[in-house]
Amino acid sequence: MEENIELKKPELLIPASCLEVLKLAIKYGADAVYIGGEMYGLRAKAKNFSREDMEEGVRYAHEKGKRVFVTANITAHDKDLDGVREYFKELKEIKPDAIIISDPGVFMIAKEVVPEIEIHISTQANNVNYADFNFWYGLGAKRVVSARELSLDEIAEIRKNIPADREIETFVHGAMCMAYSGRCLLSNYMTGRDANQGACTHPCRWKYHVVEENRPGEYMPIEENERGTYIFNSKDLCMIDYVPELVKAGIDSFKIEGRMKTALYVATVARTYRKAIDDWFESTVLFEANKDWYAEEIKKCTYRNFTTGFFFNKPDSNSQIYDNNTYVTGCKYYGHIDKVNEDGTAIFEQKNKFSVGDKIQIMKADGRDIDAEVLKMWDENGVEIQACPHPQSIVKIKFDTAVEVMDIMRSAETE
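All values reported here derive from a predicted model rather than from experimental measurement.

## Examining the overall build of the chain
Right, on to step 1. Scanning the chain from terminus to terminus reveals eleven helices and 19 strands.
Right, on to step 2. In the chain, buried positions account for 51% of the 415 residues.
Right, on to step 3. By element, 48% of the accessible surface of the chain is carried by carbon and sulfur atoms, the whole surface being about 18,900 Å².

Structure below.
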């Protein structure tokens, strides 16, 4: 595209909670995937990767010409440091492309133990100005993840004041924390589970009332809502309409939040942002023409309504959700195809119930969605069944159309 010839196409960086989701993320458009091991990341409740799965995931990604980044972005205490050192020795053998770090002590251990692996500075380090960025670059970091509190103008100013060969990574989609760049004390204070050690209980999503000291048991809503209010509960970030502005600000990597999210979420968001980025670099006309498709598609997974966060102005009350803490459900996720037999039947692990005769949608990595009817199903013992009601069951299925490995099965209509 002539008008954008000087602009660099950004990396699309997608989260993965486990090995199967890593493969789906790459299939559906990721340039790179970020994952957590069994320790030292900030998603202790995610499935996360064993050493064996991490080795296979890195090998698989590299075979596809993609990259893998490993999170080690806890705020480390003294008791953690020996374990961090041993963990990095394992990563030295596994050879991921980068380690994501926020703690300066952990950073220095990484420089000592794995100097050959890129270090990326986590958003948890509260990176809000070009001096922050240059501080980390000066110590040897390749990339810094910007704080979510930055506007596009501020990111563009940072880009002007850092070395051209150093990278900016920015969250463009997903959940936002009420605490500064995700550093939060609420969970630890209220439940004893430390958000900065990966065990956040998400108290920002809870319902709150005000209680006056001399009137115990009288719960007064903070907003004018008799059911109470979720005062810390932010809408989800979504910048799918603003790919041109993000690119022009000088962002090198578009990061999607969601290492706790489903395979349907990862595939849907990856495919939609992949198409939006590629469309714009091909033609601004094509990008504008497909905006309605992007908006419709991005809602076919779970989300909490959308906001543009801090990118254009300071968030106000319209960026919060006061009446509930639940996700909006787009399409229901039924599973993805693991194997296709010679007779055209397919094997998959079932996630939600559906029945013979149902119309479902086959979601393909190339952007197509194909309507399909379920003709027959068999359980893992070969017994014909009329429905698959039990999640995690292995099911053989026959559709009225051909399917491929890693096709996603979802409900034909949004919920």
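## Regarding the nonpolar core
Right, on to step 1. Core analysis: the biggest nonpolar cluster contains 94 residues, and Leu22, Ile35, Met54, Phe88, Phe254 and Tyr273 have the highest contact counts within it.
Right, on to step 2. Ranked by residue count, the leading element in this core is helix α9 (residues 263-282), at twelve residues.
Right, on to step 3. Those residues in contact with Phe88 that lie beyond four places of it in its chain are Ala72, Ile99, Ile101, Val106, Ile109, Ala110, Val113 and Val114.
Right, on to step 4. With 17 residues, the next largest nonpolar core counts Ala346, Phe354, Ala372 and Phe399 among its residues.

## With respect to the pairing of strand β2 (residues 32-36)
Right, on to step 1. Buried residues dominate β2, accounting for five of its five residues.
Right, on to step 2. By the alternation rule, side chains of β2 split into Ala32, Tyr34 and Gly36 and Val33 and Ile35, which are all buried.
Right, on to step 3. Bridging between strand β1 (residues 11-15) and β2 involves three bridges; their strand directions are parallel. The partner of Leu13 across the bridge, within β2, is Ala32.
Right, on to step 4. This β-α-β element, β1 to helix α1 (residues 19-27) to β2, shows right-handed connectivity.
Right, on to step 5. One ladder, built from five bridges, connects β2 with strand β3 (residues 67-71); its direction is parallel. Residue pairing across strands places Ala32 opposite Arg67, the latter belonging to β3.

## Quick word on the pattern of salt bridges
Right, on to step 1. In total, this model carries 32 salt bridges according to the counting rule given.
Right, on to step 2. Taking the shortest distance from any N to any O, the salt bridge between Glu11 and Arg143 comes out at 2.8 Å. Taken together, the positions of Glu11 in strand β1 and Arg143 in strand β6 (residues 143-145) put the pair 132 residues apart, joining distant regions of the chain. Both residues of the pair, Glu11 and Arg143, belong to the buried class.
Right, on to step 3. The salt bridge involving Arg51 is made with Glu55; its shortest N-O contact spans 3.1 Å. With Arg51 and Glu55 both in helix α2 (residues 51-63) and four residues apart, this pair spans about one turn of that helix.
Right, on to step 4. For Arg51, a relative accessible area of 26% translates into the label partly exposed.
Right, on to step 5. Three or more residues are tied together by salt bridges with common partners; here these are Glu11, Arg67, Glu118, Arg143, Glu167, Glu169 and Lys255.

## Examining the packing of α1 against α2
Right, on to step 1. Between α1 and α2, the least distance of the axes is 10 Å, while the angle of their chain directions is 10 degrees. By the angle between their axes, α1 is roughly parallel relative to α2. Helix-helix and strand crossings are classified by hand; for α1 and α2 the assignment is right-handed. Every residue of α2 that contacts α1 at Leu19, Leu22, Lys23 and Ile26 is listed here: Asp53, Glu56, Gly57, Tyr60 and Ala61.
Right, on to step 2. Of the residues assigned to the contact of α1 with α2, the class counts are five nonpolar, one polar and three charged.

## Some points on α2
Right, on to step 1. Here α2 spans 18 Å end to end across 13 residues, near enough to the 18 Å set by a 1.5 Å rise per residue.
Right, on to step 2. Here α2 has its buried residues at Met54, Gly57, Val58, Tyr60 and Ala61. Considered in projection along α2, the buried side chains sweep an arc of 165 degrees and stay on one side of the axis. Of the exposed residues in α2, the ones pointing more than 90 degrees away from its buried face are Glu52 and Glu63.
Right, on to step 3. Contact partners of the buried residues in α2: α1, β2, β3 and α3 (78-94).
Right, on to step 4. Phi turns positive, to about 75 degrees, at Gly65, one or two residues after α2.

## Re unusual backbone geometry
Right, on to step 1. A positive phi angle is found at Lys95, which is not glycine, with a value near 65 degrees.
Right, on to step 2. Position of Lys95 relative to the elements: it lies in the loop between α3 and β4 (98-101).
Right, on to step 3. The exposure class assigned to Lys95 is exposed, which follows from its relative accessible area of 53%.
Right, on to step 4. With phi around 75 degrees, Gln392 is a residue other than glycine that occupies positive phi space.

## What to know about the environment of Thr307
Right, on to step 1. For Thr307, the position within the fold is in strand β12 (residues 306-307).
Right, on to step 2. We classify Thr307 as buried; its relative accessible area is 10%.
Right, on to step 3. Between the C-alpha atom of Thr307 and that of Met239, which follows or precedes it by 68 residues, the distance is 8.1 Å.
Right, on to step 4. A distance of 3.1 Å separates a polar side-chain atom of Thr307 from the backbone nitrogen of Gly309.

## Considerations on the packing of aromatic side chains
Right, on to step 1. Scanning the model with the defined rule gives ten aromatic pairs in all.
Right, on to step 2. Seen from their ring centres, Trp293 and Tyr294 are 6.2 Å apart, and the 80 degrees between their planes marks the pair as edge-to-face.
Right, on to step 3. Clustering of aromatic rings is evident, with ring pairs tying together Phe107, Phe135 and Trp136.
Right, on to step 4. A cation sits over an aromatic face here: Lys261 above Tyr265, 4.1 Å from the ring centre.
Right, on to step 5. Positioned above the aromatic ring of Trp378 is the side chain of Lys396, whose terminal nitrogen or guanidinium carbon lies 4.8 Å from the ring centre.

Criteria and cut-off values
- Residues numbered from 1 in each chain as written.
- Predicted model: local features only at pLDDT ≥ 70, side-chain atom pairs only at ≥ 80, totals over all residues.
- Heavy atoms only, no water.
- Helix = DSSP H or I, 4+ residues; strand = E, 2+ residues; numbered from the N terminus.
- Buried < 20%, exposed > 50% of the residue type's maximum accessible area, 1.4 Å probe, protein only.
- Areas by Shrake-Rupley, 256 points an atom, 1.4 Å probe, with all protein chains shown as cover.
- Core = buried A, V, L, I, M, F, W, Y, C linked by side-chain atoms within 4.5 Å.
- Contact = heavy atoms within 4.5 Å.
- Pairing = 2+ DSSP bridges.
- Right-handed = clockwise from strand over helix to strand, strands pointing away.
- Salt bridge = Lys/Arg side-chain N within 4 Å of Asp/Glu carboxyl O.
- Axes fitted to C-alpha atoms, helices over the stretch in contact; angles between N-to-C directions.
- Parallel < 35°, antiparallel > 145°, perpendicular 65-115°, else oblique.
- Left-handed = near helix turned anticlockwise from the far one by under 90°.
- Nonpolar A, V, L, I, M, F, W, Y, C, P; charged D, E, K, R; others polar.
- Expected span 1.5 Å × (residues − 1).
- Arc of directions from axis to C-beta.
- Polar contact = N/O pair within 3.5 Å; in protein donor to acceptor, adjacent residues only side chain to side chain.
- Phe/Tyr/Trp six-rings, centres within 6.5 Å; stacked < 30°, edge-to-face > 60°.
- Lys NZ or Arg CZ within 6 Å of the ring centre and 35° of its normal.

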